[in-house]
Amino acid sequence: EVQLVESGGGLVQPGGSLRLSCAASEYINSEYYWAWFRQALEKEREGVGAMVGISDTRYADSVKGRFAISRDKNLTTLFLQMNNLRPEDTGKYYCARALKYGWHWYEAQAYKTWGQGTQVTVFS
């Protein structure tokens, strides 16, 4: 079973940036969706974005143009670069993996493997 470990969360002011990392115990390959989700207090978990193929990414409308997903050259770490952060980006961010077939990338129920999460707080 693949292990996912997130890091890089923290406190940041609006307009600031953070880069989250997700270290995977297996290669990040195109067989799966490799996604970032977030969950704010008392809200449902929502998809932020995902790597859906080699160099092919998808994003929620709320983060398009501000967030970017990439992976390292060793294909074992997934990144989420977050720029121009807003208070509504606050939440716990999770890395997750899912088999692609029959699911859209943003459907949380497709994901069987999750990391423990890292907290991002954007405050004035």
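Please read all numbers here as calculations on a predicted model, not as lab measurements.

Undergrad: Where do I start with the pattern of salt bridges in this structure?
TA: Counted by the stated rule, this structure contains 6 salt bridges. Among the salt bridges present, the one from Asp-89 reaches Arg-38, with a minimum N-O distance of 2.9 Å. With Asp-89 in the loop between strand 8 (77–82) and strand 9 (91–99) and Arg-38 in strand 4 (residues 32–39), the pair connects residues that are 51 residues apart, well separated along the chain. Overall, Asp-89 belongs to the buried group, its relative accessible area being 0%. Take Arg-38: its relative accessible area is 5%, and that puts it in the buried class. When salt bridges that share partners are traced, they join Arg-38, Glu-46, Arg-66 and Asp-89 into one network.

Undergrad: Would you mind going over the environment of Val-12 with me for this structure?
TA: Tracing the chain through its elements places Val-12 in strand 2 (residues 10–12). Judged by its relative accessible area of 11%, Val-12 is buried. Excluding its chain neighbours within four sequence positions, the residues that come into contact with Val-12 are Ser-17, Leu-18, Leu-85, Thr-121, Val-122 and Phe-123.

Undergrad: I'm lost on the side chain of Arg-38 in this one. Help?
TA: Reaching out from Arg-38, the side chain makes a polar contact with the side chain of Asp-89 at a distance of 2.9 Å. Within the local environment of Arg-38, its side chain forms a polar contact with the side chain of Tyr-93, the two groups lying 2.9 Å apart. Residues contacting Arg-38, with those up to four places away along its chain left out, are Glu-44, Arg-45, Glu-46, Val-48, Ser-62, Val-63, Phe-67, Glu-88, Asp-89, Lys-92 and Tyr-93.

Procedures and definitions
- Residues numbered from 1 in each chain as written.
- Predicted model: local features only at pLDDT ≥ 70, side-chain atom pairs only at ≥ 80, totals over all residues.
- Heavy atoms only, no water.
- Salt bridge = Lys/Arg side-chain N within 4 Å of Asp/Glu carboxyl O.
- Helix = DSSP H or I, 4+ residues; strand = E, 2+ residues; numbered from the N terminus.
- Buried < 20%, exposed > 50% of the residue type's maximum accessible area, 1.4 Å probe, protein only.
- Contact = heavy atoms within 4.5 Å.
- Polar contact = N/O pair within 3.5 Å; in protein donor to acceptor, adjacent residues only side chain to side chain.

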